[in-house]
Amino acid sequence: MGKTLFDKVWDAHVVRQLDGGRSVIYIDRHYIHEVTSPVAFLGLRNRGIKVARPDKTTGTADHNVPTINRNLQIADAQSRDQLAMFESNCADNNVEHFGLNHPKQGVVHIVGPELGLTQPGMTIVCGDSHTSTHGAFGAVAFGIGTSEVEMVFASQCIMQPKPKTMRITISGKLDKGVTAKDMVLYVISQISASGGTGHFIEFAGDTVRALSMEERMTVCNMSIECGARGGIIAPDKTTFDYVRGRERAPKGAEFDAKVEQWKGLFSDADAKFDTEYSFDAAKIDPQITYGTNPGMGVGVTGSIPTGEGLVGSDKISFDKSLEYMGFLAGDKLIGKRVDYVFLGSCTNGRIEDFRQFAAAIKGRKKADNITAWLVPGSRQVEAQIKAEGLYEIFKAAGFEVREPGCSACLAMNDDKVPAGMYSVSTSNRNFEGRQGPGARTMLAGPLVAAAAAVCGTIQDPRDVFKDIL
Amino acid sequence: MYLKIYFKTMAKEKFVKLISGGVPVNIENIDTDQIIPARFLKAVERKGFGDNLFRDWRYDKNGAPIADFPMNQPKFKGEILFAAKNFGCGSSREHAAWAIYDYGFKVVVSSFFADIFKNNALNNGLLPIQVSENFLQKAFDVIEADASAKFEIDLVAQTITNVTSGISENFAIDGYKKECLINGYDDVDYLLSLKSEIDQYEKAKA
């Protein structure tokens, strides 16, 4: 019987199989950041050892960094200490480190791919659940906890049970004004926030094939939000072209040889998946979430479900969610008030997202009631925004572009949405308090966010921006 | 047993049997942002996380305890946390497992756990027990009727028993992790013991 793409990559990295199902897996690339590494580095010090393979480890400061006034000292002492500790830990262990003002600094899942460190067929881990992003390259990439970060530091290996496999096939053409983010939010709303648990998802189908690398990264990034361990997309010419020429990618003949290997990275025609789903791209509208988990989303022209037929703890959860959000069952989403708009995060903080947002708001003005945070995913993205003249477009419309970091996605820094305020956010989680205690998050793609930013309310971007779509 | 030779340096606490009461948090889809909000992830050491467990559900914005949250009700004493399905979803922060363990829970019982959280719990001596929806519902009922109701967990036999009703259920657990929990073994020591195999792998793949 044939193997799935996931099986091929996983099996090629098994160092030892343990009784009872766990495998010891070798890790090709370990990304680290300041929040989940300190206790792991402390563990190494207590054992009197150093990082085993610093050449396979890359660190960037992202979760806790300020996005403005970076030339000044960080106000919060704990944040300052955490960043300082990260720098010294990396230096002590000879690990590459991109600090606050380093030209390569940024959100870890944006920095890795743009440097060409993420490549097809690799195993990649990081102490962050959105590590699934790198699966867009045909890598097996997943998030790990701090104890596992320590394991990888010590041995360049990790112990994991092998997940089940799921294939989600999306076919057909996405409507104008419907982005990859909308596509994946739709999928999560169909299979629920726990529908993927225990599985590694392969995204397939002609709709997926037609996506750019950045769009594929958005999709794989969100796979964790339906509970999956990770997401993966088979590499193809789009992938090879993206990786070619990047700073840390192999060069010349070595690159060509790698491409020949990478062409073998696909699921065999007779491979069996534990679970399969299929979706029709034409049915997908721009999406918006109304509740407090990423699966609670609908088409922007739709209504919040009535909750009819829900019983027991399902009903309790649904009611609690709507109460937190200040919404009523059956409410329409169009016209709902918005206070904050966030464009950024490892989900939608790349240059294509900024281009899309800029093209939409060009010549218009930010609504007066909106506070907007436009946060590039990395210094490189920031440089591209400048080089392409997007800064001027944003400025003319009344938008300010900030400095790179995770920012309002999880609001560890000062970019917090105040209690009771509504934010339309291109990030990945809308849990209670995610963007600040009492903050009310509605997840969306860059175009629904742009529509909210210029209208001050939830609107259908296909109407608002029809002249440019 | 091959594991015994290697685990001398960093032994952890053992878990074999437990008889305790439960704290019922009958809410579904509890994500790790609720378990430990992001603003508490700035710590560089593993200290004080128990104080901030479920912080925004336990305390209001003025720091006053919220009376009807089960952890604030003194009648619920116990080392077992009961939660509705899809517990621990969301962010991979291991701090969530630390917070639960540091507060004083040894076990979390739910009908469904998110994968990363489950792994983090197992790596920290916190036992995640997945039971049927039926068993979980009965457990919530029994605790509601009698806050001091006890549950018995036998890790060797892989059973959890509702002492009041006498009903037991078997639970699944990864064989390697079970060994580690029962014996207080450490994963890093095990991996370090595989050094020559790892070196061989690297040479073969280079």
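Residues numbered from 1 in each chain as written. Chains lettered and ligands numbered in written order. Predicted model: local features only at pLDDT ≥ 70, side-chain atom pairs only at ≥ 80, totals over all residues. Heavy atoms only, no water.

Visitor: Lay out the overall build of chain B in plain terms, naming residues and giving numbers.
Guide: Check the secondary structure of chain B and you find eight helices and seven strands. Its C-alpha atoms give chain B a radius of gyration of 18 Å, near enough to 17 Å, the size a compact globule of 206 residues would have. By principal-axis analysis of the C-alpha atoms, chain B measures approximately 60 × 45 × 25 Å. Sorting the 206 residues of chain B into buried and exposed places 57% on the buried side. Considering only intrachain contacts with a sequence separation of at least 6, the fraction spanning at least 24 residues in chain B is 65%. Accessible area of chain B: about 8,600 Å², with a carbon and sulfur share of 53%. Each charge class in chain B was averaged separately, 25 positive and 28 negative side chains, and the resulting centres sit 3 Å apart. (Helix = DSSP H or I, 4+ residues; strand = E, 2+ residues; numbered from the N terminus. Rg over C-alpha atoms; globule rule 2.2 N^0.38 Å. Buried < 20%, exposed > 50% of the residue type's maximum accessible area, 1.4 Å probe, protein only. Contact = heavy atoms within 4.5 Å. Areas by Shrake-Rupley, 256 points an atom, 1.4 Å probe, with all protein chains shown as cover. Lys, Arg positive; Asp, Glu negative; His and termini not counted. Charge placed at Lys NZ, Arg CZ, Asp CG, Glu CD.)

Visitor: Explain the packing of helix α2 (residues 38-47) of chain A against helix α5 (residues 146-155) of chain A to me, using residue names and the numbers behind them.
Guide: Residue and element names in this part refer to chain A. For the pair α2 and α5, interaxial distance at closest approach is 8 Å and the crossing angle is 50°. On the basis of their axis angle, the class for α2 and α5 is oblique. Judged by the twist between their axes, the crossing of α2 over α5 is right-handed. Facing Val39, Ala40, Phe41, Gly43, Leu44 and Arg47 of α2, the residues of α5 in contact are Thr146, Val149, Glu150, Phe153 and Ala154. Class assignment for the residues of the contact of α2 with α5 results in seven nonpolar, two polar and two charged. (Axes fitted to C-alpha atoms, helices over the stretch in contact; angles between N-to-C directions. Parallel < 35°, antiparallel > 145°, perpendicular 65-115°, else oblique. Left-handed = near helix turned anticlockwise from the far one by under 90°. Nonpolar A, V, L, I, M, F, W, Y, C, P; charged D, E, K, R; others polar.)

Visitor: Account for the interface of chain B and chain A, naming residues and giving values.
Guide: Listed per partner, the contact involves 56 residues of chain B and 63 residues of chain A. Carbon and sulfur atoms make up 56% of the area that chain B and chain A hide from each other, which totals about 4,900 Å². Looking at the side of chain B facing chain A, the largest losses of area belong to B:Lys42, B:Val44 and B:Tyr201, adding up to 14% of the total buried there. Counting across the interface, chain B meets chain A through eight salt bridges. Here B:Glu202 makes a salt bridge to A:Arg53, at a shortest N to O gap of 2.5 Å. (Buried area = accessible area lost by both parts, 1.4 Å probe. Salt bridge = Lys/Arg side-chain N within 4 Å of Asp/Glu carboxyl O.)

Visitor: Can you explain the sheet that holds strand β15 (residues 340-343) of chain A? Please cite residues and give values.
Guide: Residues and elements named next belong to chain A. Spatial strand order, β16-β15-β17-β18: four strands in an open sheet with parallel pairing. Both outer strands of the open sheet, β16 (371-374) and β18 (440-443), are each paired with one neighbouring strand and no more. Taking the axes of each pair of neighbouring strands and ignoring which way they run, one obtains an average angle of 20° across the sheet. Relative to β16, β15 runs parallel, the two being bridged by four bridges. From the neighbouring strand, Val341 faces β16, where its bridge partner is Ala372. Here helix α16 (residues 446-455) sits on the sheet and contacts β15 and β17 (422-425); the angle it forms with β15, its principal contact strand, is near 145°. (Pairing = 2+ DSSP bridges.)

Visitor: So what's going on with the sheet that holds strand β8 (residues 157-161) of chain A? Which residues, and what values?
Guide: The sheet built from three strands is open, its strands ordered β1-β2-β8 (chain A) with antiparallel pairing. Only two strands of the sheet have a single partner each, and these edge strands are β1 (14-17) and β8 of chain A. Neighbour to neighbour, the strand axes of the sheet diverge by 25° on average, direction disregarded. Both β1(A) and strand β2 (residues 22-26) of chain A contribute to a ladder of three bridges, which runs antiparallel. Note on β2(A): the bridge partner recorded for A:Arg16 is A:Val24. Strands β1, β2 and β8 of chain A of the sheet are contacted by helix α8 (residues 195-205) of chain B, whose axis makes an angle of about 145° with β1(A).

Visitor: Outline empty space enclosed by the protein, supporting the account with residue identities and numerical values.
Guide: All names here are of chain A. What the rule picks out here adds up to four cavities of 30 Å³ or more. In this structure, the largest cavity spans a volume of roughly 220 Å³. Among the elements of the structure, α4 (108-115) and α12 (345-348) are those that each provide at least two residues to the lining of the largest cavity. (1 Å grid on protein atoms, 1.4 Å probe; cavity = no way out; pocket = protein on both sides within 12 Å on 5 of 7 lines; lining within 4 Å. Points joined across faces, edges and corners; volume = space filled by probe spheres on them.)

Visitor: Any chance you could break down the environment of A:Arg440 for me, citing the residues and the numbers?
Guide: Residue and element names in this part refer to chain A. Residue position: Arg440 is located in strand β18. Along the primary structure Arg440 and Tyr290 are separated by 150 residues, whereas in three dimensions their C-alpha atoms are 9.1 Å apart. The residues touching Arg440, leaving out its near neighbours within four places in the chain, are Glu323, Tyr324, Met325, Gly326, Gly420, Met421, Tyr422 and Ser423. Here the side chain of Arg440 touches Tyr422 through a polar contact of 3.3 Å, side chain to side chain. (Polar contact = N/O pair within 3.5 Å; in protein donor to acceptor, adjacent residues only side chain to side chain.)

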